[in-house]
Each structure stands twice: as C-alpha cells, then as structure tokens.
Amino acid sequence: MGRIVILPDGVANRIAAGEVVQRPASVVKELLDNAIDAAAHDIEIRLQRGGKQRILVRDDGIGMDSEDAVLAFERHATSKIRTVDDLHCIRSLGFRGEALASIAAVSHVILETRPHDADIGTRVEIIGGRLRKVEPVSVPPGTIVQVRNLFMNVPARRKFLAAVSTELAHILRVVENYALAYPTIAFQLWHEQKELLRYPAVQEPAERVRQVVGGTVMDALVPFRWSGEEGQLHGWISVPHAGGSRPDGIHLFVNGRWVRDRFLLQVFRDAWRRFGARQPYPYVIAYLNVDPDRVDVNVHPTKLELRFRDPDRIRSIVFTAIEQALQARRPIVEWVASPGRRQKFPQPPPSHVTLRAPTGSALRPPSAGESSTESGEPAVVPEPVSPAAEPAPSRRVLGQWAGCYIVILEPDALLLIDQHLVHERYLYERWLDALHAQSAIPHRTLLVPVPVDLRPSDVETLIHHRQRLQQLGWHLESFGPSTVVVHAIPIGMHADQIPAAVQALPAWLSESAPEHAEGWDEILKTLACRSAIKKGDLLTPERTHALADMWERLRVPQVCPHGRTLSVRIPIRQVHRMFGRDWNVEASS
Ligand code: ADP
Ligand code: MG
C-alpha cells in the first residue's frame, strides 16, 4: 500500500499557489526538502553547469514503491498531509505535493528509488511533464532524482538564467543553509568533477556551524540562548564591530526550517544595532523553536516567509537573548557605542571650521556629508581640524593613546586622531584616485603568499571576478574549493588585514558587479575599512608618525568615508575654561 493520496480540492485550494521553480537553486531546495522528509542521513548533490544542465540529488531515505514513484509527479500528490487540520501543524518540509510535478513539467526528470524493504527499485522517466517510462531498476535503498535541462521547454525562462557561477553560488547558499539546519545529516556537493562541499554528520550544531562558516568567523561570534514557555532560541551573533554589509550572513531556522523571513531578519538586525553596530547587518545563525501552532508557514510558495501569531513576543525574546549575549562583551560594546560619533564638542565656534583646500588633482569636491562650510554652518563633526591650512612646523606627534588615538600637540590645541579612521580614509582616497585616473590600484607583491579560508561560494565569486580584483590591487588564485591564496595586495594596506579584507570582498562582488563609479565607491569604502589598522593595534613610533603623515595629506581630514569623526581638536581655551580660567587672561594666569 502506497503512502501517497491526492489531496481533495478543499485542501489544495488553501495551499498558497505559486511558482515553485525559479532557478536551479529552487530545484535543489525542493529535492533537499524531499530527501530530508524521507529521513535521509546522507545526501549527495551533483551538478553540471551550475545546475542548468543537470542536478542530481541522492539520498538514503525511505524511498518509494513503484506506485508512489509515479504518483509523486501528480500535482497535489503528497504523503505528508491529509486534511485542512494538518495544515495548522506542519512538521515536514514539503506538504503541497507540487514540487516534483512542477519540476517535471519543465525538465527531463529521471527518478530512481527503492524502499529499504524491497528487493528491486523503480525507475521513472518524465520529459516535459509527460511520463515516458516506468521500469524496474537495481539501485541501493533510497532515492536518486536527476533533473536535466531545466526549462528546456520554456525558452524565456532558460534565457533568463544567470551565469554558471551565479547559479552555482545560489545553490551553494541553499546547501550551506540546509547543512546548518541539519547538523546530523551528511552533505556533499560536487560541481562538474570538483567536490565543493563536504560536511560529515555531527552531533552538535556548533560543530556544523564551524564546518560551514569556518573557524575564523566562528571565533568572532558570540553564542546566545533563551528558553521559556513559548519555546527556545539559540545561536551565534557577531560582535557589534564585525558584521557585514549584506543580509546573507543571517541564517535563520524556525522549527528546523531555513527561512528568510523579513520580519525576523529585521528583528535580529534591530537587536544588534542597539549595540552601536557599524556594519548594517550582523552575522547570525539562529535556531528558533516554537510551538507549530504559533507560526504559520503556509504564507509563501517557496516557504521562506512565515507569519507569527505574536510577533511582539518573538521580538522581545530575540532582544533579550541578544542583549544578554552582547552585554557580556562590554569592552567592545563600550568602544563602539562610545560618545563622540556625532556628538557636539563643547561649543565649536563656526569660525574654526576651516576646510583644507583639496590638493593636487581634486577628483571630486567634498560631499555634503563631509563638510558644510559652503553653507556657513558648522560641520557635523566636533571641531574639525584642518591640517594643511598652513604648514605647522610646531606640530608635535606625541604618540599613541588608549590603543586607538594618535595624540598631536599644536601650540594652541590638542589633536586626537582616530588611528583606524585616518588609515581607512587615506587608503580610500588613494585608491579612489587610482580608479579615477583609470589605472589599476598599485599593488604590492607579497614575499610569502597568504592563504585565506572562505566558503566555497565565496571562493567561486572571487575567482569569477579575478580581473576586477586585479584592478583593485588584489592578485589571488584559488587553492582548493575553500581557500584562496593572495599574492599581491593594494598598496598602502598592511598584510595583517588580509583575511578581514578578503572576507569583505565576495559580498560586494557576488550580486552586482559594479559598472559605475558609485559601485566602486562602495567597494572601496568597505575595503578600506577592512584593510586599515584597527583600534587596539599597537603602533610603533614610526607607524604613529606615518599615520600622522597620512592625515596631513588627506583631502578630507575630518570624517571617514562612512561619515564618522576622524579627528578632534581641543583648543587650549576650552581646556582653560575647564580649569575655570578665563581664556582671555590665560597668558597671564
Ligand atoms: P511534497 O514534498 O510537498 O509532498 P513533492 O512533489 O515534493 O511534494 O513530492 C511528492 C511526494 O513524493 C512526497 O510527498 C513524497 O511522498 C514523495 N517523495 C518525493 N521525494 C522523495 C524522496 N526523496 N524520498 C521518498 N519519497 C519522496
Ligand atoms: Mg517536496
């Protein structure tokens, strides 16, 4: 007796309709759902041409008998729900009974399957939705689904598919997320003849997270945990000075299901930003388990969006968990959230806001965010400093202070310069100049090439954009599926920052390779930030002086590329005032 029945219309109609198959990655996702619902322990994925030519998913799950193997391709054929009531407490990944039917309608599918208690398996071949062959076949227990020539009969769709590397990157992202959702299942992924992912089964989610994101990222994450009447939440989040510029570092799992729910995403983002985070998005791997009664998964056909019955409660649970975790990291939090960002210093008189005239070939005037002298208003920053207004031979570099500032004395003021921001601004301006001059950013060849471990999807992206990266001063090549070797770096950056900078690259390159200046501008900002020395880095006297020099040569010495205050000037009369002295009589008292 088969397990599959056709859903009555009443049930079927309640199921949100929509297109299941958009691209190879959505096929992989549906086939993974089926393998996991079939209780697989070991899943192998093989791809050709980014899945456009062939997708094969093999599992060691329960398999199907010959009757079910054919029925599986009927629309609304499912073994997973029977009644409307079942819809309210869905525990399996699939339930619409639409995936195989939809996939088979637009491709050439070969299904081979065998239940564990059967001696022989069944092979079903369907081309463009038409059943061509059903025959016995000798296969191991489990199921193998092969999808060839996706969209072969939908030319418009087929043309719309992206480059192999892009489709592959989408698939890798799906598999990485499934791997995070199911640590106890082994995953393997091959593209052409290359093994790109291998995640052996593990017991602990933490071990799987380490397999997927790599040790470097994992070590920069803070664990969080909450449990209560409504359920449990646990996971990892980046400290506020880390994080990324795009949301794809956020991995959310609700009741075991990978979701990209916009509400949840925003909640994590908000929770994180309360700690003064500088990057727009945190890295998060979060597992939320709630009573299935409290979430509605039947919102979107691709099942990535949810609807919570009590969103406010979910929000407060997430906030509580994240707050506890990040509060434990106070030193970093204090640094990031420390005052002074845009806070006004005591009475900065507008007359002191003097901007340095752009030197050399000014490529663009300072933008509104960088100064507002033209309007005659005070700049948004605490008393900005103008290093080159006149050469200041009497300027004395005192040294580094508190691991993050360079202290400089002028006859009538004390200058504090943020070591990270000045370096960042300097690199940004120099690189921008090179690009505007239509030349590649000069590079420095490393004596010893530096390997950097990345996710395979990121390696693919970097290699795909190798030419553009050379323009940015980066020379690198792949070394195995999850490592790149860096041979040369943009001039001006320090070799210590290579891993951080390389990790920032793929997010910018993966989706929209910049065709226009704004695109490059964003990339340079991110790169400069990652490439610059950090707060806390100890400086030799030489480096301290070198940074002071860089600051002297900045076109915009007041703010970093992201608009943060870069230098602060404390006039001596402010100090006198603090001591209760009238600054007019300072000289005599
Ligand atoms: P759904 O997963 O929503 O039920 P599908 O079209 O994806 O719909 O699959 C239809 C049915 O085929 C499933 O309900 C299941 O019974 C069966 N099936 C599909 N893939 C597998 C597999 N890998 N192993 C065992 N059974 C499967
Ligand atoms: Mg399914």
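Here, the structure is the one placed above.
Presented here is an overview of the structure given in this document. (Residues numbered from 1 in each chain as written. Chains lettered and ligands numbered in written order. Predicted model: local features only at pLDDT ≥ 70, side-chain atom pairs only at ≥ 80, totals over all residues. Heavy atoms only, no water.)

Interhelical geometry of helix α2 (residues 24-37) versus helix α7 (residues 164-181) gives an angle of 25 degrees and a closest axis separation of 8 Å. Judged by the inter-axis angle, α2 sits roughly parallel to α7. Between α2 and α7 lies a crossing whose hand is right-handed. Residues Pro24, Ala25, Val28, Lys29, Leu32, Asp33 and Ile36 of α2 form the contact with α7, whose own contacting residues are Glu167, His170, Ile171, Val174, Val175 and Tyr178. Broken down by class, the residue content of the contact of α2 with α7 amounts to nine nonpolar, one polar and three charged. (Axes fitted to C-alpha atoms, helices over the stretch in contact; angles between N-to-C directions. Helix = DSSP H or I, 4+ residues; strand = E, 2+ residues; numbered from the N terminus. Parallel < 35°, antiparallel > 145°, perpendicular 65-115°, else oblique. Left-handed = near helix turned anticlockwise from the far one by under 90°. Contact = heavy atoms within 4.5 Å. Nonpolar A, V, L, I, M, F, W, Y, C, P; charged D, E, K, R; others polar.)

Strand order across the open sheet formed by three strands is β21-β23-β22, with antiparallel pairing between neighbours. With one partner strand each, in any of the chains shown, β21 (443-453) and β22 (475-478) form the two edges of the open sheet. In this sheet, neighbouring strand axes are inclined to one another by 15 degrees on average, regardless of whether the strands run parallel or antiparallel. The pairing of β22 with strand β23 (residues 483-490) spans four bridges and is antiparallel. Counted as the bridge partner of histidine 475 is alanine 488 from β23. Here helix α14 (residues 456-464) sits on the sheet and contacts β22 and β23; the angle it forms with β22, its principal contact strand, is near 130 degrees. (Pairing = 2+ DSSP bridges.)

Moving on: the sheet that holds strand β13 (residues 250-254). Taken together, the five strands give an open sheet; going across it, the order is β11-β12-β15-β13-β14, and neighbouring strands pair in mixed fashion. Strands at the two margins of the open sheet, each flanked by one partner only, are β11 (221-228) and β14 (257-259). Going from strand to strand, the sheet's axes swing by 20 degrees on average, the running direction of each strand aside. Examined bridge by bridge, β11 and strand β12 (residues 231-238) share eight bridges and lie antiparallel to one another.

With that out of the way, let us pick up helix α18 (residues 541-552). Spanning 12 residues, α18 covers 17 Å between terminal C-alpha atoms, matching the ideal 16 Å at 1.5 Å per step. Listing the buried residues of α18 in full gives Thr544, Leu547, Ala548, Met550 and Trp551. Each buried residue of α18 lies within a common arc of 155 degrees when the element is viewed along its axis, so the set occupies one face. Among the structural elements, β18 (396-401), β19 (405-410), β20 (413-418), α13 (419-436) and β24 (567-571) are those in contact with the buried residues of α18. (Expected span 1.5 Å × (residues − 1). Buried < 20%, exposed > 50% of the residue type's maximum accessible area, 1.4 Å probe, protein only. Arc of directions from axis to C-beta.)

Pairing is possible between side chains that carry opposite charge, provided their charged atoms lie close to one another. Counting across every chain of the model gives 20 salt bridges. Note that glutamate 98 is salt-bridged to arginine 75, the shortest N-O span being 4.0 Å. With glutamate 98 in the loop between α4 (84-87) and α5 (99-105) and arginine 75 in the loop between α3 (66-71) and β4 (77-78), this residue pair connects regions lying 23 residues apart in the sequence. Exposure remark for glutamate 98: the relative accessible area of 7% places this residue in the buried category. Between glutamate 429 and arginine 425 there is a salt bridge, with the nearest N and O atoms lying 2.9 Å from each other. Taken together, the residues glutamate 429 and arginine 425, both in helix α13 and four residues apart, mark about one turn of the helix. You can call glutamate 429 buried: its relative accessible area is 5%. Taken together, the shared-partner salt bridges connect Arg395, Glu410, Asp412, Glu552 and Arg569 into one network. (Salt bridge = Lys/Arg side-chain N within 4 Å of Asp/Glu carboxyl O.)

So, on to the pairing of strand β5 (residues 108-114). Counted residue by residue, β5 has seven buried out of seven residues, so it is predominantly covered. Covered by surrounding structure in β5 are His108, Ile110, Glu112 and Arg114 together with Val109, Leu111 and Thr113, the residues of both alternating faces. Pairing geometry for β5 and strand β6 (residues 121-127), over six bridges, is antiparallel. Of the residues in β6, the one forming a bridge with valine 109 is isoleucine 126. Linking two consecutive strands that pair antiparallel, namely β5 and β6, is a turn of six residues. Pairing between β5 and strand β8 (residues 142-148): seven bridges, direction antiparallel. Each bridged residue has a counterpart across the sheet, and for histidine 108 the counterpart in β8 is arginine 148.

Before going further, it helps to spend a moment on the nonpolar core. Judged by nonpolar contacts, the single largest core of 61 residues is most densely connected at Leu31, Leu32, Ile43, Val147, Val175, Phe187 and Leu189. Take this core: its biggest share by element is nine residues, from α7. With near-sequence residues (within four places) excluded, valine 147 lies in contact with Val27, Leu31, Gln53, Arg54, Ile55, Ile103, Ser107, His108 and Val109. If you look at the next biggest cluster of nonpolar residues, it comprises 33 residues, including Trp226, Leu252, Ala271 and Trp272. (Core = buried A, V, L, I, M, F, W, Y, C linked by side-chain atoms within 4.5 Å.)

All right, on to the packing of α13 against α18 then. At a closest axis distance of 9 Å, the pairing of α13 and α18 adopts a crossing angle of 55 degrees. By the criterion of interaxial angle, the relationship of α13 to α18 is oblique. Considering the relative orientation of α13 and α18, their crossing is left-handed. Counting all contacts with α13, which are made through Gln419, Val422, His423 and Tyr426, the residues of α18 involved are Arg543, Leu547, Met550 and Trp551. Tallied by class, the residues present in the contact of α13 with α18 amount to five nonpolar, two polar and one charged.

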